[in-house]
Amino acid sequence: MSGLARLLAGHTGPGVYHWETAEKADVVRHAAEVAGWRFVALDTWQIEDKDSFLASCAAAFDLPGPVPHFDALVDGLHDVRGADGAGVVVLWEGWAPLARADRQAFDVTLSVLADRAELERAGPFAVLLKGPGPTDTDLPELDPHQH
């Protein structure tokens, strides 16, 4: 069973994971939807600054209004849920440019996403940082046996 399948089946807990995979976003979306999870695609390949990143988050998560600072992202993510208590899986492609260009914003982002994942009353929430990037993130691997 793949790491994604384990996550969607509830055998792996919610959280923020690094995921080395060749799976396309459409495949992940389909798997999430079949499992009843909400899928969010966060594509930030062209983003290297906090303000652009927060604007991208507002669009990806369909938040009601602008996200001018991380506190607004925290508040907005509290309302991001799957239908009928199902989970939310976020596929974050292009995380490395922000991590390299603005490490402080990246680290705060990881903290915000991890805090949302721990918010049990809002339902399961998992973030998958897809592909290579800085290796000093200390994130668990979704598929640790794949290396």
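Quick note: structure is the one above.
Read on for an overview of the structure.

Quick notes on the rules
- Residues numbered from 1 in each chain as written.
- Predicted model: local features only at pLDDT ≥ 70, side-chain atom pairs only at ≥ 80, totals over all residues.
- Heavy atoms only, no water.
- Salt bridge = Lys/Arg side-chain N within 4 Å of Asp/Glu carboxyl O.
- Helix = DSSP H or I, 4+ residues; strand = E, 2+ residues; numbered from the N terminus.
- Phe/Tyr/Trp six-rings, centres within 6.5 Å; stacked < 30°, edge-to-face > 60°.
- Buried < 20%, exposed > 50% of the residue type's maximum accessible area, 1.4 Å probe, protein only.
- Polar contact = N/O pair within 3.5 Å; in protein donor to acceptor, adjacent residues only side chain to side chain.

So, the pattern of salt bridges
No. 1: In this structure the tally under the stated criterion is four salt bridges.
No. 2: Between Asp107 and Arg103 there is a salt bridge whose closest N-O contact spans 2.9 Å. Of this pair, Asp107 and Arg103 both sit in helix α6 (residues 103–117), four residues apart, which is roughly one turn of the helix.
No. 3: Between Asp136 and Arg103 there is a salt bridge, with the nearest N and O atoms lying 2.9 Å from each other. Of this pair, Asp136 sits in the segment after β4 (125–130) while Arg103 sits in helix α6, and the two are 33 residues apart along the sequence.

What to know about the packing of aromatic side chains
No. 1: A complete count under the given rule lists four aromatic pairs for this structure.
No. 2: Judged by centre distance (5.3 Å) and plane angle (35°), the ring pair of Phe53 and Trp92 falls under tilted. Residue Phe53 is located in helix α3 (residues 50–60), and its partner Trp92 is located in strand β3 (residues 88–93); the two are separated by 39 residues in the primary sequence.
No. 3: Residue classification places Trp92 among the buried residues on the basis of a relative accessible area of 0%.
No. 4: Each residue in the set Phe53, Trp92, Trp95 and Phe106 is aromatic and connected to the rest through ring pairs, giving one cluster.

Considering α3
The periodicity of an α-helix, 3.6 residues per turn, causes residues three or four places apart in sequence to face the same way.
No. 1: Considered for burial, the residues of α3 that qualify are Phe53, Leu54, Ser56, Cys57 and Ala58.
No. 2: Structurally, the start of α3 carries an N-cap: the backbone nitrogen of Asp51 is 3.3 Å from a side-chain oxygen of Asp49.
No. 3: Downstream of α3 by one or two residues, Asp62 has phi in the positive range, about 55°.

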